[in-house]
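Listed below, chain by chain, are the residues.
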Amino acid sequence: MFAGFAHLNGLQRSLIEKERVAEEVRQAELELIVNVQIQFFLLLQSRRDLRYVHESIRRIRTQLEAAESFVDVGVAPYVNVLQNKVELAQAREQRILTENTIRTCEIQLNQYLGYAPNEKVTYAGALEEYPQKVE
């Protein structure tokens, strides 16, 4: 009788352990889903930021050309040209940082989804396509 209870107890423990392991697997799957969603959102944000940086670079170049023209005719001080060059260098630095962030997000997504880190995978979408509240 004691052997039967011990056997039943062992069976119940095994069933509980099986359920626990199944729940751990489910939790890992949910964590992976959340991580993929977060990385994809960061990728979309970085792509949007890159568009803003490109627009900023274009605007600063126009300002630099105007400042150089004003300096050439003696209407403005040369410090304006230098200031625009500094702003252009900062915008270019921001472009490089944003491009690196995009590549990091793509590599992380590749790893989460089981692709090789250097494999070229197209992650389509734009942040503007999603509603303000993302579920």
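Quick note: structure is the one above.
What you see is a predicted model, and the numbers here were worked out from it, not measured in a lab. (Residues numbered from 1 in each chain as written. Predicted model: local features only at pLDDT ≥ 70, side-chain atom pairs only at ≥ 80, totals over all residues. Heavy atoms only, no water.)

Student: Explanation requested: the environment of Val25 in the structure shown.
Tutor: Structurally, Val25 can be placed in helix α1 (residues 2–72). Residues Val25 and Ile60, spaced 35 residues apart in sequence, show a C-alpha to C-alpha distance of 52 Å. (Helix = DSSP H or I, 4+ residues; strand = E, 2+ residues; numbered from the N terminus.)

Student: Help me out: how do you make sense of the nonpolar core in this one?
Tutor: Considering soluble globular proteins, one finds that nonpolar side chains tend to be buried as a cluster. Membership of the largest hydrophobic core is limited to 11 residues, which are Val36, Phe40, Leu43, Leu44, Leu50, Ile102, Cys105, Leu109, Val121, Tyr123 and Leu127. Within the residue set of this core, elements represented by two or more residues are α1 and α2 (79–113). The element contributing the most residues to this core is α1, with five residues. Those residues in contact with Leu44, other than ones at most four positions away along the chain, are Gly125, Ala126, Leu127 and Tyr130. Counting eight residues, the second largest nonpolar core, distinct from the first, contains Ile57, Ile60, Ala67 and Leu88. (Core = buried A, V, L, I, M, F, W, Y, C linked by side-chain atoms within 4.5 Å. Buried < 20%, exposed > 50% of the residue type's maximum accessible area, 1.4 Å probe, protein only. Contact = heavy atoms within 4.5 Å.)

Student: Sorry if this is basic, but what is going on with α2 here?
Tutor: Residues spaced three or four apart along an α-helix face the same direction, because each turn holds 3.6 residues. When the terminal C-alpha atoms of α2 are compared, their 51 Å separation across 35 residues agrees well with the 51 Å that a helix rising 1.5 Å per residue should span. Among all positions of α2, only Val81, Asn84, Leu88, Ala91, Thr98, Ile102, Cys105, Glu106, Leu109 and Asn110 are buried. Downstream of α2 by a residue or two, Gly114 has a phi angle that is positive, lying close to 90 degrees. (Expected span 1.5 Å × (residues − 1).)

Student: For this particular structure, what's the right way to read a nonpolar patch on the surface?
Tutor: A cluster of nonpolar residues, Phe5, Leu8, Leu11 and Leu15, forms a patch on the protein surface that exposes about 400 Å² of accessible area. Assignment of secondary structure puts Leu15 in helix α1. (Patch = residues over 30% accessible without salt bridge, like charges linked within 9 Å, V, L, I, M, F, W, Y side chains within 5 Å. Areas by Shrake-Rupley, 256 points an atom, 1.4 Å probe, with all protein chains shown as cover. Salt bridge = Lys/Arg side-chain N within 4 Å of Asp/Glu carboxyl O.)

Student: Could you clarify how one ought to interpret the pattern of salt bridges in this entry?
Tutor: The tally for this structure, following the rule as stated, stands at seven salt bridges. Across the pair Glu24 and Arg20 runs a salt bridge whose closest N-O atoms are separated by 2.2 Å. Here Arg20 and Glu24 lie together in helix α1, a separation of four residues that amounts to about one turn. When its relative accessible area of 43% is taken as the criterion, Glu24 is described as partly exposed.

Student: What's the story with the side chain of Gln39 in this structure? I'm lost.
Tutor: Counting through the fold element by element, Gln39 comes out in helix α1. Among all residues touching Gln39, those that are not within four sequence positions of it are Cys105, Gln108, Leu109 and Tyr112.

Student: Got a minute to help me understand the side chain of Asn110 in this structure?
Tutor: As for its placement among the helices and strands, Asn110 is situated in helix α2. Look at Asn110 and you get buried, because its relative accessible area is 1%.

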